[in-house]
Amino acid sequence: MSTRPRATIVLLLLIVIALAPPIPTSAGASSSDGRAHPVWRWPIDAPRAIASPYRAPAHAFGAGHRGIDLASAQGVIVRAPADGAIAFRGTVVDRPLITIAHPDGYVSTFEPVSSTLAPGDLVSAGDEIGTVAAGGHAMLGALHLGVRLDGAYINPMLLFGPVPRAVLLPCCDAP
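Structure report, in brief. Since this is a predicted model, take the numbers as computed values, not measurements.

Each value, and the rule that gives it
- Residues numbered from 1 in each chain as written.
- Predicted model: local features only at pLDDT ≥ 70, side-chain atom pairs only at ≥ 80, totals over all residues.
- Heavy atoms only, no water.
- Pairing = 2+ DSSP bridges.
- Helix = DSSP H or I, 4+ residues; strand = E, 2+ residues; numbered from the N terminus.
- Phe/Tyr/Trp six-rings, centres within 6.5 Å; stacked < 30°, edge-to-face > 60°.
- Buried < 20%, exposed > 50% of the residue type's maximum accessible area, 1.4 Å probe, protein only.
- Lys NZ or Arg CZ within 6 Å of the ring centre and 35° of its normal.
- Polar contact = N/O pair within 3.5 Å; in protein donor to acceptor, adjacent residues only side chain to side chain.
- Contact = heavy atoms within 4.5 Å.

### Concerning the pairing of strand 9 (residues 128-132)
Phase 1 of the analysis: With 3 bridges joining them, strand 3 (residues 77-79) and strand 9 adopt antiparallel strand pairing. Along strand 9, the bridge assignment pairs I77 with T131.
Phase 2 of the analysis: Sheet topology places strand 7 (residues 113-114) next to strand 9; 2 bridges connect them, and they run antiparallel. From the neighbouring strand, V113 faces strand 9, where its bridge partner is V132.

### A look at the pairing of strand 4 (residues 84-92)
Phase 1 of the analysis: Two elements, strand 4 and strand 8 (residues 122-123), share 2 bridges in a ladder whose sense is antiparallel. Paired with G84 across the strands is V123, a residue of strand 8.
Phase 2 of the analysis: Here strand 4 runs beside strand 5 (residues 95-101); their pairing, made up of 7 bridges, is antiparallel. Across the sheet, the residue bridging to A85 is A101, located in strand 5.
Phase 3 of the analysis: The hairpin formed by strand 4 and strand 5 contains 2 residues between the paired strands, and V93 there has a positive phi angle of roughly 60°.

### Brief notes about the packing of aromatic side chains
Phase 1 of the analysis: For the structure shown, the criterion picks out 2 aromatic pairs.
Phase 2 of the analysis: Between W40 and Y106, the ring centres sit 5.9 Å apart and the planes meet at 65°, which makes this aromatic pair edge-to-face. Here Y106 lies in strand 6 (residues 106-111) and W40 lies in the loop between helix 1 (3-19) and strand 1 (50-52), a separation of 66 residues in the sequence. With respect to class, W40 is no different from Y106; both count as buried.
Phase 3 of the analysis: R148 extends its terminal NZ or CZ atom over the ring of Y153, reaching a point 5.9 Å from the ring centre.

### Regarding the side chain of S108
Phase 1 of the analysis: Mapped onto the secondary structure, S108 falls in strand 6.
Phase 2 of the analysis: Given a relative accessible area of 0%, S108 falls into the buried group.
Phase 3 of the analysis: One polar contact links S108 to H102, side chain to side chain, over a distance of 2.7 Å.
Phase 4 of the analysis: Not counting chain neighbours up to four residues away, the residues in contact with S108 comprise W40, P81, I98, T99, I100, H102, L145, G146 and V147.

Okay, here's the thing in structure tokens:
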């Protein structure tokens, strides 16, 4: 493709992006079934980095990563991302974890997290639920966050607000 048609395509794409309606920020992202998700707060304070992203399995029992791992350090405070009630706190295999049941069928699980909370304790968004401990599948100090909606795992990133819009930058052809 010559330079002129390519430049025209880039210009048309920039016009389409510029005229596209803004992404709403008052609600979370929508899932593939069109269901809007609430917006949660991050469970650890900034700076935040995703050490390992969500990877959906090919089928219910397939390999995947049913959550995200947030880079952190041991001892970092973990906060409730939304209102809810502690559903479980204990050790599973070699890791301490805590699970919160939230309204509308959402359940969040954090590992490894040391906590003094007990099942039935109510938490509000932003309340301290524990601290990052050791153990689990993630690198030392990382915090794993898994989220289920009506029993099925979903990508937790759907709950932390809209994904920023990508910007298409014009480029030039090599000679």
